2 protein chains.
Amino acid sequence: MSVQDDLGRQMGGRFSTAIVQFHAAVAERVGLNVSDYKCAEIIRRLGPINPARLAAATGMSTAATAQVVNRLEKAGLAERRPDPGDGRRTLVHPVEQGTAQEELGRIFAGFGARMAAVMEAYDEEQMRTLLDFVSRTTEVLEAEAVTLRRR
Amino acid sequence: MSVQDDLGRQMGGRFSTAIVQFHAAVAERVGLNVSDYKCAEIIRRLGPINPARLAAATGMSTAATAQVVNRLEKAGLAERRPDPGDGRRTLVHPVEQGTAQEELGRIFAGFGARMAAVMEAYDEEQMRTLLDFVSRTTEVLEAEAVTLRRR
DNA sequence: ATTATTTAGCTAAAGTACTTAGCTAAATCC
DNA sequence: GGATTTAGCTAAGTACTTTAGCTAAATAAT
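Described below are features of the structure shown in this document. This one's a predicted model, so the numbers in the text were calculated from it and none came from an experiment.

## Describing the overall build of chain A
Then, in step 1: A count of helices and strands for chain A gives six helices and two strands.
Then, in step 2: The helix and strand sequence of chain A, counted from the amino end, reads α-α-α-α-β-β-α-α.
Then, in step 3: Oriented by its inertia axes, the alpha-carbon framework of chain A measures out at about 55 × 40 × 25 Å.
Then, in step 4: Within the span of chain A, comprising 151 residues, buried residues form 44% of the whole.
Then, in step 5: The contacts of chain A with a sequence gap of at least 6 include a subset with a gap of at least 24, amounting to 44%.
Then, in step 6: Element-wise, carbon and sulfur atoms account for 51% of the exposed surface of chain A, whose accessible area totals about 8,000 Å².
Then, in step 7: Across chain A, the centroid of the 20 positively charged side chains sits 7 Å from that of the 20 negatively charged ones.

## Structural notes on the layout of surface pockets
Then, in step 1: In this structure, the largest pocket occupies an estimated 940 Å³ of space.
Then, in step 2: If you go around the largest pocket, you meet 35 residues; those closest to its centre are A:V20, A:V34, A:K38, B:V20 and B:V34.
Then, in step 3: Split by residue class, the lining of the largest pocket holds twelve nonpolar, 15 polar and eight charged.

## Overview of the relation of the copies chain A and chain B
Then, in step 1: Taken as rigid bodies, chain A and chain B are interconverted by a rotation of 179° and an axial shift of 0.0 Å, the fit giving an RMSD of 0.2 Å. Classification of the inter-copy transformation places it as that of a two-fold axis. Closest approach to the rotation axis among the C-alpha atoms of chain A is made by A:L130, whose C-alpha sits 3.1 Å away.

## Things to note about the protein's contact with DNA strand D
Then, in step 1: Of all residues adjacent to DNA strand D, which total 21 residues, the nearest are A:S35, A:A63, A:Q67, A:G87 and B:R80.
Then, in step 2: Those atoms of DNA strand D that come within 4 Å of the protein belong to sugar or phosphate at a rate of 77%.
Then, in step 3: For DNA strand D, a phosphate oxygen lies 3.2 Å from a polar atom in the side chain of A:S61.
Then, in step 4: B:A52 has a polar backbone atom sitting 3.2 Å from a phosphate oxygen of DNA strand D.
Then, in step 5: Broken down by secondary-structure element, the contributors of at least two residues to the surface near DNA strand D are α4 (62-74) of chain A together with α3 (51-58) and α4 (62-74) of chain B.
Then, in step 6: When grouped by side-chain class, the residues that make up the surface near DNA strand D number seven nonpolar, eight polar and six charged.

Rules used in this analysis
- Residues numbered from 1 in each chain as written.
- Chains lettered and ligands numbered in written order.
- Predicted model: local features only at pLDDT ≥ 70, side-chain atom pairs only at ≥ 80, totals over all residues.
- Heavy atoms only, no water.
- Helix = DSSP H or I, 4+ residues; strand = E, 2+ residues; numbered from the N terminus.
- Buried < 20%, exposed > 50% of the residue type's maximum accessible area, 1.4 Å probe, protein only.
- Contact = heavy atoms within 4.5 Å.
- Areas by Shrake-Rupley, 256 points an atom, 1.4 Å probe, with all protein chains shown as cover.
- Lys, Arg positive; Asp, Glu negative; His and termini not counted.
- Charge placed at Lys NZ, Arg CZ, Asp CG, Glu CD.
- 1 Å grid on protein atoms, 1.4 Å probe; cavity = no way out; pocket = protein on both sides within 12 Å on 5 of 7 lines; lining within 4 Å.
- Points joined across faces, edges and corners; volume = space filled by probe spheres on them.
- Nonpolar A, V, L, I, M, F, W, Y, C, P; charged D, E, K, R; others polar.
- Least-squares fit on C-alpha atoms with pLDDT ≥ 70 in both.
- Near = heavy atom within 4 Å.
- Polar contact = N/O pair within 3.5 Å; in protein donor to acceptor, adjacent residues only side chain to side chain.

Next comes the structure, spelled out in structure tokens:
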């Protein structure tokens, strides 16, 4: 039972479950379902984005994405605007102010503080190792997901 | 823009999305929805388990869990048996053989091989750091999820 | 230039999954 | 021995996702 095995087990089971549960709890707290919350995050992260790309990023159909955007507009978290360069296209813009955004800010401030406390245990060198590991693992996960879907 | 910020950003965004997407892809590949797949994993990991605990572990209602177990039984991934000690209780047992399990084995063998390649870059000391980080982060995530739901 | 095709996004209807409510049976309590 | 609690299930209602089909704008073809 090596350290590597421990790590693999932890990553595959409790850790990934914890991530999913945490995001589900955040979404619930803000009054969104998990899909809507995930889309809101992507919109905020990738700036103005068109529905097709949003659909591709989440793996959902474009129809489902349109309905997600409908709900996010109602919730005041996103806004549809016509693409000035192409009349067919729509750009979904993030809306930065509003109660939902403020609540999200508070939640992630609390989470950030706790993670900062965890981080204090590591020096610069170790943090570089952690970042490297997270980056590489992300790439493997993304690549595997694509491979699995492609077949 | 410190290494710590980079890590926080990566963890909050791309990494957690990648985990979710990967598990969704695996589930789809095996012909299950994400909830059913997650339950199957928990059943396999925690051995014979009763529906109430399974519901608590996933955050779903016991009613939804009963329906999940119905589908898993049909899929040949789990089996209900009466608890010998308490006639009210049911124990959900994992079923180890079958095509779905074999497919899962193949998928995780491939994933494991790629992660092993990532791991080669680290020595024992670094892997201990990684395991420590993952464990602590898991605890923070679980605690935060509970706190968010409690209020 | 006008028509045909492709592209982007949307709505509507159908299917699937989760929740709330209510039921049955076994164990425990008095 | 009857009342209450506990565990699990089914059924009906709600919500989200998909498939199918539509409209409008851009591009291609004749």
